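# Observations on the model geometry
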Amino acid sequence: MEEIENKYSIEAPAAWAPQLSDEDILEKIKESDFSQQQYDDGKDFCYFLRKIEYTDDTQNAEYNCMAYSVQQPGTLEFASVNEYVLYTSERIVFHRIAVLRDGVLLDKLADTKFKVLDNENQSIDGVINSSKKVNITIKDVRLHDILIVEDTRVLTFTEKDFLRKELIKYMWFSPDVYWAYGSYEFDFVNQRTKPISYKKMFFRDEEGNLQPDETGTLAPGECYSMKLENFNNGVDVNREVYPFIDFATAHSYEELVDFVHPYYQTAVSTKPLAEYAADLVQKLDALEELETKIAFGIEYVQNNVRYIYNEEEMHGHRPQDPWVTFEFKQGDCKAKTVLMKCVLDYLGVDSEIILVNYNADFYLNYYLPSLFNFNHVILKINHNGNSYFEDATYRDEYGTLGNRSFISFLNYLPIKPQATLQQRESFTYPDFAIYDDILLDVKENVGYITVKTTYRYGRANSTRRYFKNTNKKAIVDNMNNFAFACLDMVEGENSSDKRQLFKNAEMNIVEDDKVNNIVVTEYKASVDSPYYVGTGGHKYLKFYDSNIVKQHLKDYVHKDITHWQVFDSEKYRVTIRTDKPIKMDDEYTNKQLNLDYQHFKYSLKKKVDKYGATADIEFIPLCNVEVPVAEVADLREKYAAVGKSAYGLGVSMAKPGLWDSIKGIFGGK
């Protein structure tokens, strides 16, 4: 009960924050041509925002004081009811809640109802969240009021916050483009005993040109200040990165890793695996091949130890002891990764724990060095001259090293002495992740379709999960829809039900090799009159798989963020056979393509005869590579070339001769 009561309080601002009187507030709320323009545009307006980030060796605190209009019904909703999510050692202090109505400032603190609620609803899914949320409801906020809120969010360091006490990471982002500000003031106050670096990025001049990054250092007692007047954020949200300023304790990555490495080293080396996991060791020893042992050890940790994500402790970097993880069969990413490394250490396989951030991978090259740049821990395995990356939190993954799922990311930080930020090299798959062997055999106006697909690597794992978790009828329906699109068929007049169109359809796994991680599926169906009918009644047989064409690049117009390429290697063989002659000189029937580009190789080769044709397609991309913005246009052109009828097979049916027409009249074959 004491914790709940301490989650919020009503007090005056701290000594380092402004001490604003009611007169000061009223002086800051001024109408202008700028504010009127926002109202004319149907928006609300923020008269002022005073924002201070304060940090010392005992706390981080964020002060906010703002006044904004309530002209729109949507604004009224969040103005009347709001929530503040607070972690265990956080609390919020309310200094002022008021409205300006008809020129009169009304105190609304007495009219505000405060509730402290649990912010936990995912523990059954393994997400442990110790946060609370303070819900506030302000009575009688009306349209055309001006709402004034002044508060401070305070994080007081406890023993669990040892990393936050030692290091700070704060990101200032430019405001949302909806709001315009009469006055916007931001200060970052460093009262710690250590200097704090800052880096200002993705700011633009009035013409929209990107400005050089600005860096600096705040000594203890110094303050970074920024003030904007009549400010409207002009960032093009669909093409540009929001401007931001990164603040972090001034350390190199080498210094940061040396700070946390002992915690991981202690967890890994204190007890040998055989001392606390004798049954696992016995199973490993019973296997003959080292590759099989490695795969078994990885899969054991992934599938037998439940993943628990504890938001409060994620940034603690004190991993749970591996014998505790093994005994209780649960742990967060740090705990599971440490246990996986202990298994590989027992097998004599070199590995290292690394930090990653899948979601912010692009920005890691821009951020100042900080352990808070990362939100996940995985394992890098160095084996037989190759590097493999395994995520201990994955499940239902199979295969020996080299045949397992590929995890897409670029930057990582090894947890070993004197390590710094690393980048992975780009690569091409050693084999095709997808190989489709397609046959469309048309006899007497009936098409018999067979699609045999071989999946490898992550595609194999995904396919197993798909068949495991999806209704069999739904699987067939999805494949029917796929075949319908590839054949370029048209919806029937009386029904769009593909089950009526594709007869005797079935879809099955015909081979499942978990050691080499290969899954083979086969789809079979028949369809009446599979022809595409063009102008003048001319008939074609087609099978064009649009998945081959990487169409997302058509809409890629970002000015700041590089294009991240991580496609699978793909191979397709499309064969069409027919009992009617083919027009062998048709342009699209004979179209071929060969591209040897720096970011991918693509080839389409065809063989055509009077009653059949085969297309062999190979797509071999360079994976895990950033394509610079300046090269995206050229890359788009290369993929567009594939899209010009170079991603499948189509044959034009020859017009029937006189004898064929006579046979047709009399029902001849």
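Residues numbered from 1 in each chain as written. Predicted model: local features only at pLDDT ≥ 70, side-chain atom pairs only at ≥ 80, totals over all residues. Heavy atoms only, no water.

Once that is clear, we can look at the overall build of the chain. Along the chain, the regular secondary structure elements total 16 helices and 37 strands. Dimensions of the chain, computed from C-alpha atoms along their principal axes, come out at roughly 100 × 70 × 45 Å. Residues classed as buried in the chain amount to 51% of the 669 residues present. Considering only contacts within the chain whose residues lie at least 6 apart along the sequence, 73% involve residues at least 24 apart. Carbon together with sulfur atoms contributes 48% to the accessible area of the chain, which is approximately 32000 Å² in total. Each charge sign in the chain was given a centre, from 78 positive and 105 negative side chains, and these centres are 7 Å apart. (Helix = DSSP H or I, 4+ residues; strand = E, 2+ residues; numbered from the N terminus. Buried < 20%, exposed > 50% of the residue type's maximum accessible area, 1.4 Å probe, protein only. Contact = heavy atoms within 4.5 Å. Areas by Shrake-Rupley, 256 points an atom, 1.4 Å probe, with all protein chains shown as cover. Lys, Arg positive; Asp, Glu negative; His and termini not counted. Charge placed at Lys NZ, Arg CZ, Asp CG, Glu CD.)

A complete count under the given rule lists 42 salt bridges for this structure. A salt bridge links Glu185 to Lys28, with the shortest nitrogen-to-oxygen separation between them at 3.9 Å. Separated by 157 residues along the polypeptide, Glu185 in strand E12 (residues 180-190) and Lys28 in helix H2 (residues 22-28) bring together distant segments of the chain. On the basis of relative accessibility, which here comes to 17%, the residue Glu185 falls in the buried class. Residue Lys28 is classed as partly exposed on the basis of its relative accessible area of 30%. When the shortest N-O distance is used, the salt bridge between Glu166 and Lys194 registers 2.2 Å. Note that Glu166 is positioned in helix H5 (residues 162-166) and Lys194 in the loop between E12 and strand E13 (196-201), a separation of 28 residues in sequence. Several salt bridges share partner residues, and in doing so they unite Arg101, Asp140, Arg142 and Asp145 into one network. (Salt bridge = Lys/Arg side-chain N within 4 Å of Asp/Glu carboxyl O.)

Here the structure, examined in full by the defined rule, presents 57 aromatic pairs. Ring centres 5.2 Å apart and planes at 90° place the aromatic pair Tyr181 and Tyr184 in the edge-to-face group. Taken individually, Tyr181 and Tyr184 each receive the classification buried, so the pair is uniform in this respect. Ring geometry for Phe362 against Tyr363: centres 5.1 Å apart, planes inclined by 80°, an arrangement best described as edge-to-face. By way of ring pairs, the aromatic residues Tyr170, Trp172, Tyr181, Tyr184, Phe186, Phe188, Tyr198, Phe203, Tyr224, Phe231 and Phe247 are connected into one cluster. The cationic tip of Lys329 hangs over the ring face of Phe326; the distance from NZ or CZ to the ring centre is 3.8 Å. (Phe/Tyr/Trp six-rings, centres within 6.5 Å; stacked < 30°, edge-to-face > 60°. Lys NZ or Arg CZ within 6 Å of the ring centre and 35° of its normal.)

Moving on to the packing of helix H8 (residues 278-286) against helix H9 (residues 290-304). Two numbers describe how H8 lies on H9: the axes approach to 9 Å, and their chain directions differ by 150°. When the axis of H8 is compared with that of H9, the two are roughly antiparallel. With respect to the hand of their crossing, H8 and H9 are arranged in right-handed fashion. Judged by residue contacts, Leu280, Lys283, Leu284 and Asp285 of H8 engage Lys293, Phe296, Gly297 and Tyr300 from H9. In terms of residue class, the contact of H8 with H9 is built from four nonpolar, one polar and three charged. (Axes fitted to C-alpha atoms, helices over the stretch in contact; angles between N-to-C directions. Parallel < 35°, antiparallel > 145°, perpendicular 65-115°, else oblique. Left-handed = near helix turned anticlockwise from the far one by under 90°. Nonpolar A, V, L, I, M, F, W, Y, C, P; charged D, E, K, R; others polar.)

Whenever strands of a sheet pair, they do so through backbone hydrogen bonds, lying parallel or antiparallel. Pairing within the open sheet is antiparallel, and its four strands lie in the order E11-E16-E13-E14. Edge positions in the open sheet fall to strand E11 (169-173) and strand E14 (214-218), since each of these has one partner strand only. Put simply, the sheet's adjacent strands are angled 15° from each other on average, direction ignored. Both E11 and strand E16 (residues 244-249) contribute to a ladder of five bridges, which runs antiparallel. Following the sheet pairing, Trp172 is matched in E16 by Ile245. (Pairing = 2+ DSSP bridges.)

Once rolled over the atoms, a probe with the size of a water molecule shows which space is left empty. Taken as a whole and assessed by the stated rule, the structure comprises two cavities of 30 Å³ or more. Looking at the second largest cavity, its volume works out to about 30 Å³. Lining of the second largest cavity is provided by Leu167, Ile168, Ala248, Thr249, Leu256, Pro369 and Ser370. The class makeup of the residues in the lining of the second largest cavity is five nonpolar, two polar and no charged. (1 Å grid on protein atoms, 1.4 Å probe; cavity = no way out; pocket = protein on both sides within 12 Å on 5 of 7 lines; lining within 4 Å. Points joined across faces, edges and corners; volume = space filled by probe spheres on them.)

Per-residue confidence for the chain gives a mean pLDDT of 91, with 94% of residues at or over 70. Note that pLDDT drops below 50 for residues 122-127; the model gives that stretch 11 contacts with residues more than four away or on any other chain. (pLDDT = per-residue confidence, 0-100.)

Let's shift gears to the nonpolar core. Grouped together as the largest cluster of nonpolar side chains are 57 residues, with contacts concentrated most on Phe502, Tyr523, Phe600 and Tyr602. By residue number, the principal contributor to this core is helix H13 (residues 472-486), which donates seven residues. Grouped together as the second largest cluster of nonpolar side chains are 56 residues, Ala360, Phe374, Leu401 and Leu413 included. (Core = buried A, V, L, I, M, F, W, Y, C linked by side-chain atoms within 4.5 Å.)

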